[in-house]
4 protein chains.
Amino acid sequence: MNTIGKILTLTTFGESHGPAMGGVLDGMPAGVDIDLDALQRFVDRRRTGQTVGSSTRDEQDRVEVLSGILQGKTLGTPIGFVVRNTDARSKDYEQLADCYRPNHADYTWQAKYGIRDPRGGGRASARETVARVVAGGIAMQALSTLGISVEARVAQVGSVTDEREMETAIAEAQREGDTLGGIIACAVKGALAGLGEPLFGKLHAQLAAAMMSIPSVHGFDYGDGFDMAAKRGSEVMDLFGKRPDGSIGTVTNHSGGIQGGISNGEDITMRIAFKPVPTLMRDVPAVDRDGNPVTLQPRGRHDACVLHRALPIVEAMAALVILDNCLIKKTNGL
Amino acid sequence: MNTIGKILTLTTFGESHGPAMGGVLDGMPAGVDIDLDALQRFVDRRRTGQTVGSSTRDEQDRVEVLSGILQGKTLGTPIGFVVRNTDARSKDYEQLADCYRPNHADYTWQAKYGIRDPRGGGRASARETVARVVAGGIAMQALSTLGISVEARVAQVGSVTDEREMETAIAEAQREGDTLGGIIACAVKGALAGLGEPLFGKLHAQLAAAMMSIPSVHGFDYGDGFDMAAKRGSEVMDLFGKRPDGSIGTVTNHSGGIQGGISNGEDITMRIAFKPVPTLMRDVPAVDRDGNPVTLQPRGRHDACVLHRALPIVEAMAALVILDNCLIKKTNGL
Amino acid sequence: MNTIGKILTLTTFGESHGPAMGGVLDGMPAGVDIDLDALQRFVDRRRTGQTVGSSTRDEQDRVEVLSGILQGKTLGTPIGFVVRNTDARSKDYEQLADCYRPNHADYTWQAKYGIRDPRGGGRASARETVARVVAGGIAMQALSTLGISVEARVAQVGSVTDEREMETAIAEAQREGDTLGGIIACAVKGALAGLGEPLFGKLHAQLAAAMMSIPSVHGFDYGDGFDMAAKRGSEVMDLFGKRPDGSIGTVTNHSGGIQGGISNGEDITMRIAFKPVPTLMRDVPAVDRDGNPVTLQPRGRHDACVLHRALPIVEAMAALVILDNCLIKKTNGL
Amino acid sequence: MNTIGKILTLTTFGESHGPAMGGVLDGMPAGVDIDLDALQRFVDRRRTGQTVGSSTRDEQDRVEVLSGILQGKTLGTPIGFVVRNTDARSKDYEQLADCYRPNHADYTWQAKYGIRDPRGGGRASARETVARVVAGGIAMQALSTLGISVEARVAQVGSVTDEREMETAIAEAQREGDTLGGIIACAVKGALAGLGEPLFGKLHAQLAAAMMSIPSVHGFDYGDGFDMAAKRGSEVMDLFGKRPDGSIGTVTNHSGGIQGGISNGEDITMRIAFKPVPTLMRDVPAVDRDGNPVTLQPRGRHDACVLHRALPIVEAMAALVILDNCLIKKTNGL
């Protein structure tokens, strides 16, 4: 249940205030060049302190690869890796051991397991995404050798869609002890036609599951997405044409590069909606284990908006799904 | 790849104009009462001819259960079933063997497999969903013994959200040889807290994958979904309160009944966006295998809008996911 | 749990006295020629009435393919199939509804599910293997296009290893109302080097699981198998040499064509041990649900020895595993 | 492919001479008491230097648990762990980079991946089993709370079955630069009836796959195993009787505690055959990449017989399978 993927699988582990986060990326083809410095730079994009409104928890996030890569090349064996937790401040969370914060996973986790690690949200913390970014960064390097790239951008922060105004909006919310959500747009370029499984494993179904598994994500669509619901069939028809190289392409891309769950060679486009960060820097009304009201003072170090830090996470999840499907495609013929 | 689920798995098969559609529902607990007449009635909800704008292909959709149920009770063994295709009219599709329709899976399927069954769309036809409805109908009967219900409704057809105007809008589009999409809202009621796996198997990630695997679906969100992106954290906070029975509940439900990927006992709410039906009853510009333009005359029997027929499909997929997670939850403690 | 395989998966269903046995073979590559008449002949090898001591239940075992094959070629879609049960005689089993036969699955099934279909052993009947043979027969045809063949032979019946004496031994046991087990040897020829996953998915581990899943199988080994335990390292060393075509081969094959879980290009050899058939044609001491002793009269139609009928089952399981691994191997490089 | 299990899954990673071996044990129920000191002692049973003929590579095998256990209790989250490699001596293996040893995985690995880590056998080294023992040790602690124990013993070393003579036989083989294999017998006691899946997931099929995945294992049987092949049905009948507590048991246990793939409450008994260690301390004829003969001098530190060190490995694999099936059993009823 902590594993995603079919041929290329990622299994992750780690609690926010435990010794380390980590994972195992299995099924990576052998003989792929991996630049570990570039990988570290990719992981660094997710770190705190680089954008307005990000948490002040200062994790170095040094990636330690334990297996599967030798002299810069993948061996075909599982790639085990860890990222140590070095700046946890667990006492900020002592008040939380016996109460449930609104819009957090405290209550549901307790309902499910009957036990939880309250320190920093335990495994429910978005800190777990560091392992996804490590694995996804490796997948992206493999994809680049196939001419495939993945790029995400912040399309909306709160109700702001103009990039120049986003920083201001975040700073303002933060000043008021409040938080913002937003929308990330992601595009996969260079993917060949034929990726994805036409029934339950439709490419967009896999992408949806991967993106919806990122903390705080509340919505996913691809191509013209929810907007297509209000259109007529004649308005969203992607007519075929010939590309300059003679191959078949489409003139428009309302379909987001996927038809019937299978890629058609156009850009694969999708949107991912994030709810606002649930931890406010204000007094928050919560309940204890018995349902009695308590008031929580603001503690811990939290983001006012995670959209910019989430970009490499979205790219990582997209890369894992796309590479997995490149491998699956190899098995379609004898 | 034609299988969905973890403990409760559904595997389906069948081409639109082949002898039959069918499936295997495995992992159903033993000893559950199944009313096969009620199941048939559930499957009938998906049939053509019951709403304006539906296809005139007249399939009886008689469910034949081949195993796994004896004297009205599940045995714990796989439930195999078939639904015969009896009204296929394959010659309508002869013109399609060598060309690709826009917004259909003809081209992508060819790119993936190098071969395809052009008759009625083959396996890419929405006719495959009949197997989902059979399996989902069985799952719903099992859920009802747990006090859980699933209900979907058409929330939007084209740009129309008023139910009374939907029929008119569909009839109008149909008259013009055009088609409509729309949005279905679905709610799961009575689900206990603790369903869902907190990492990659978040309950909403599983639901998203299941819904996005339905033909024509282009978007999914849960709770306040995409609207949450524009809200502040303070605006979407679901404060806790005590329910009349003393248990812990939330006063509002912006979160759609899920926190951190795990159900919290409130209604699980989601929206599913459908693109308009891709087959127009007009001349359509397509291409042949070499990318040369051809014009397709309208042939075959198609829906102008599938939203109403899709209701039991959405309910079926939700039921399969929820029941699977009820079973998984049993393994959380020793 | 009724599914086997990774890329090529087989899911089966059916009770011995239900309407039909069947299955879904998913993941078959597209474009493979399948001769359905040859497939029927392969399935016929498993039928009763062809060897001494086989059951007199006379099933025609007509294979009905419902999907996935069009005009003699696979489509890449799941191959659904059924085989009707036409000669079930359920009243022979009425005495069994409330008691447990020794060495049968009656008691364990009841312990697991709390319910069971007593007619003909229900799903615990070896009749379920017909679905394996259908699927395996398709896999064998695909393998043959790769130059790979699978061949099983009866190596031992009871304590008899001389083929000419086997029939006599079976007839003698049958006369006494008794039954025999034995050993089947199976060889896969023409398999390329590099099949199998080196850790938990070792080729012989997959083969062992597949063979041990056949009813009545109690043991599996490969190469020199159990005999290797008593040998010294120096005695079982398969020294390398050059094959006539210049490729690397081994002079001997103690290792059974597998090193470190991966095929080395030599014949893959294995042995499968079957216990004697548990149903004797004698009065048998059993117990009722409360553990009280009862005596069962011989009823039903049963085999005195299943080894010869099991040959296509063993071949089918081997073929499924080998073809699956041929597909997996395609994903080892980018 | 480096993952085993259904609900309780173990994913491992690590090369023999890389920085560390490790794994992720996922699906462990929450709230189980784990004694880490006892776990370390269990892992120590696999260490070198405790029996005659074991390798002189001196690894401390300190288990570092990184997640999933807090204050001695499982959290229900994945248990990540590493065991550092501290005594690797890679230069012993320099001569092996370009040649293939007989009965080793050098050649097959190269055939599969086109690349390999020759240092200490890379991932093909039996050193990978340390991760299995860590995970299995945790599973055994969980099983003990259910009253289930797993115990393995060396039943045969070479052709010696008398325990008192085993040490002498190993010392003698070692003096001659030779190696021995043998047989381990393993019994699971206290397992309730109803474990195992009756078709492809038969309990003995799962056990077979798990045991056959241990390096050097060439055979598996359960109950009377291969010996049953030569017996008549009347000779191996396990007649039912009442246990002192009134429950139903069997008087004999030829069936090894499993009927129809499902446990019956008796001891689950099995045998695992190991081939002799492939590395001799003699000059060994090998080949280079082009198939030309080369002679390898004895290098590296190796075991002359691994049977005694393999005991905790066998127990670990049995424990993982049994606990997984205890969890699966919970899903059999609603």
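Conventions and cut-offs
- Residues numbered from 1 in each chain as written.
- Chains lettered and ligands numbered in written order.
- Predicted model: local features only at pLDDT ≥ 70, side-chain atom pairs only at ≥ 80, totals over all residues.
- Heavy atoms only, no water.
- Contact = heavy atoms within 4.5 Å.
- Buried area = accessible area lost by both parts, 1.4 Å probe.
- Salt bridge = Lys/Arg side-chain N within 4 Å of Asp/Glu carboxyl O.
- Polar contact = N/O pair within 3.5 Å; in protein donor to acceptor, adjacent residues only side chain to side chain.
- Nonpolar A, V, L, I, M, F, W, Y, C, P; charged D, E, K, R; others polar.
- Pairing = 2+ DSSP bridges.
- Helix = DSSP H or I, 4+ residues; strand = E, 2+ residues; numbered from the N terminus.
- Expected span 1.5 Å × (residues − 1).
- Buried < 20%, exposed > 50% of the residue type's maximum accessible area, 1.4 Å probe, protein only.

Draft legend 1. Region of the structure containing the interface of chain B and chain A. With 101 residues of chain B in contact, the opposing surface of chain A contributes 100 residues. Between chain B and chain A the total buried area reaches about 8,000 Å² when both faces are included, carbon and sulfur atoms providing 65% of it. Of all residues in chain B, Met1(B), Phe200(B) and His218(B) bury the most surface against chain A, accounting for 11% of the area lost on that side. Inspection of the chain B/chain A interface yields 8 salt bridges. Measuring nitrogen to oxygen at the nearest pair gives 3.7 Å for the salt bridge that ties Glu172(B) to Arg232(A). At the junction of chain B with chain A, the criterion picks out 34 residue pairs in polar contact (both at pLDDT 80 or more). Of the residues assigned to the side of chain B that touches chain A, the class counts are 46 nonpolar, 32 polar and 23 charged. Where strand S11 (residues 217–222) of chain A lies against strand S11 (residues 217–222) of chain B, 3 bridges are found, and the strand directions are antiparallel. By the bridge assignment, Gly219(A) is partnered in S11(B) with Asp221(B).

Draft legend 2. Focus on unusual backbone geometry. Residues and elements named next belong to chain D. Even without a glycine there, the phi angle at Gln 71 is positive, about 50°. Of note in the backbone geometry, Asn 103 takes a positive phi value of approximately 60° without being a glycine. Inspection of the secondary structure assignment puts Asn 103 in the loop between strand S8 (99–100) and helix H2 (106–113).

Draft legend 3. Broad picture of helix H6 (residues 307–329) of chain B. Between its first and last C-alpha atoms H6(B) spans 32 Å; for 23 residues at 1.5 Å apiece the expected length is 33 Å, and the two agree. Most of H6(B) sits out of view: 21 of its 23 residues are buried.

Draft legend 4. Main features of the interface of chain A and chain D. In this assembly, 36 residues from chain A lie in contact with 36 residues from chain D. Taking both partners together, chain A and chain D bury about 2,800 Å²; carbon and sulfur atoms supply 66% of that area. Remark: the boundary between chain A and chain D carries 2 salt bridges. Salt-bridge contacts for Arg84(D) lead to Glu64(A); the nearest nitrogen and oxygen are separated by 2.9 Å. At the boundary of chain A with chain D, the tally comes to 10 residue pairs in polar contact (both at pLDDT 80 or more). Here the side of chain A that touches chain D is composed, by residue class, of 16 nonpolar, 11 polar and 9 charged.

So far we have only geometry, and geometry alone does not tell us how the molecule works.
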